[in-house]
Amino acid sequence: MVATNLIELAIEASQNAYVPYSHFPIGAAVKTADGQVYTGCNIENASFGLTNCGERTAIFKAISDGHRDLIELAVYGQTEQPVSPCGACRQVMAEFFQQDAKITLIAKNGQTVEMTVGELLPYSFTDLT
Ligand code: THU
């Protein structure tokens, strides 16, 4: 998919969320360095711990398609305040984005907050040395 509006794509992606347990749909859209966009949603499981968050679904789709440089991400949740990504997703962001990459968080009323990956997960673990 060629990049258009990440915010709209994240909201749209949440419509595919598989959330029979939480009823809490999340959508995400990630842009690659060469301008492609991958979207994702959360995918739950009766064995709750197997749930995959929307952010990681989008990121893993891009990575599994061969991309390595991700430059921007938008995340939508039906929250009063712009949705706050979980710790696991922040760690995965730190793996594939630069620290200054823009992450747009979106609330159910469309309100947004922009943060960087470094702000979401300061002093992250990024390599083994
Ligand atoms: N969830 C996400 O998709 N992203 C987050 O950053 C936080 C939580 C999902 C997981 C689960 O399907 C539902 O939201 C409730 O935790």
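For the structure itself, look to the data block above.
Residues numbered from 1 in each chain as written. Predicted model: local features only at pLDDT ≥ 70, side-chain atom pairs only at ≥ 80, totals over all residues. Heavy atoms only, no water.

## Observations concerning the overall build of the chain
In terms of regular secondary structure, the chain is built from four helices and five strands. Each helix and strand of the chain, ordered N terminal to C terminal, gives the series α-β-β-α-β-α-β-β-α. Taken over C-alpha atoms, the radius of gyration comes to 14 Å for the chain, in line with the 14 Å a tight globule of 129 residues would show. Across the chain, contacts joining residues at least 24 apart in sequence account for 61% of those joining residues at least 6 apart. Here the chain displays about 7000 Å² of accessible surface, and carbon together with sulfur accounts for 53% of that area. (Helix = DSSP H or I, 4+ residues; strand = E, 2+ residues; numbered from the N terminus. Rg over C-alpha atoms; globule rule 2.2 N^0.38 Å. Contact = heavy atoms within 4.5 Å. Areas by Shrake-Rupley, 256 points an atom, 1.4 Å probe, with all protein chains shown as cover.)

## Quick word on the packing of aromatic side chains
For any pair of aromatic rings, the description rests on two quantities: the centre-to-centre distance and the angle between the ring planes. Under the definition given, this model contains one aromatic pair. Measuring from ring centre to ring centre gives 5.5 Å for Tyr21 and Phe48, while their planes differ by 50 degrees; the resulting arrangement is tilted. Within this pair, whereas Tyr21 is found in the loop between α1 (6–13) and β1 (26–32), its partner Phe48 is found in the loop between β2 (37–41) and α2 (54–64), the two being separated by 27 residues in sequence. (Phe/Tyr/Trp six-rings, centres within 6.5 Å; stacked < 30°, edge-to-face > 60°.)

## Some words on the nonpolar core
Core analysis: the biggest nonpolar cluster contains 22 residues, and Val30, Leu73, Met93 and Phe97 have the highest contact counts within it. Of all the elements in the fold, those that place two or more residues in this core are β1, α2, β3 (70–77), α3 (87–96), β4 (97–106) and α4 (117–120). For Val30, the residues in contact, after removing those within four places along its chain, are Leu6, Gln36, Val37, Tyr38, Ala58, Ile59, Ala62, Leu70, Glu72, Leu73 and Phe97. With eight residues, the next largest nonpolar core counts Ala10, Ala29, Ala74 and Tyr76 among its residues. (Core = buried A, V, L, I, M, F, W, Y, C linked by side-chain atoms within 4.5 Å. Buried < 20%, exposed > 50% of the residue type's maximum accessible area, 1.4 Å probe, protein only.)

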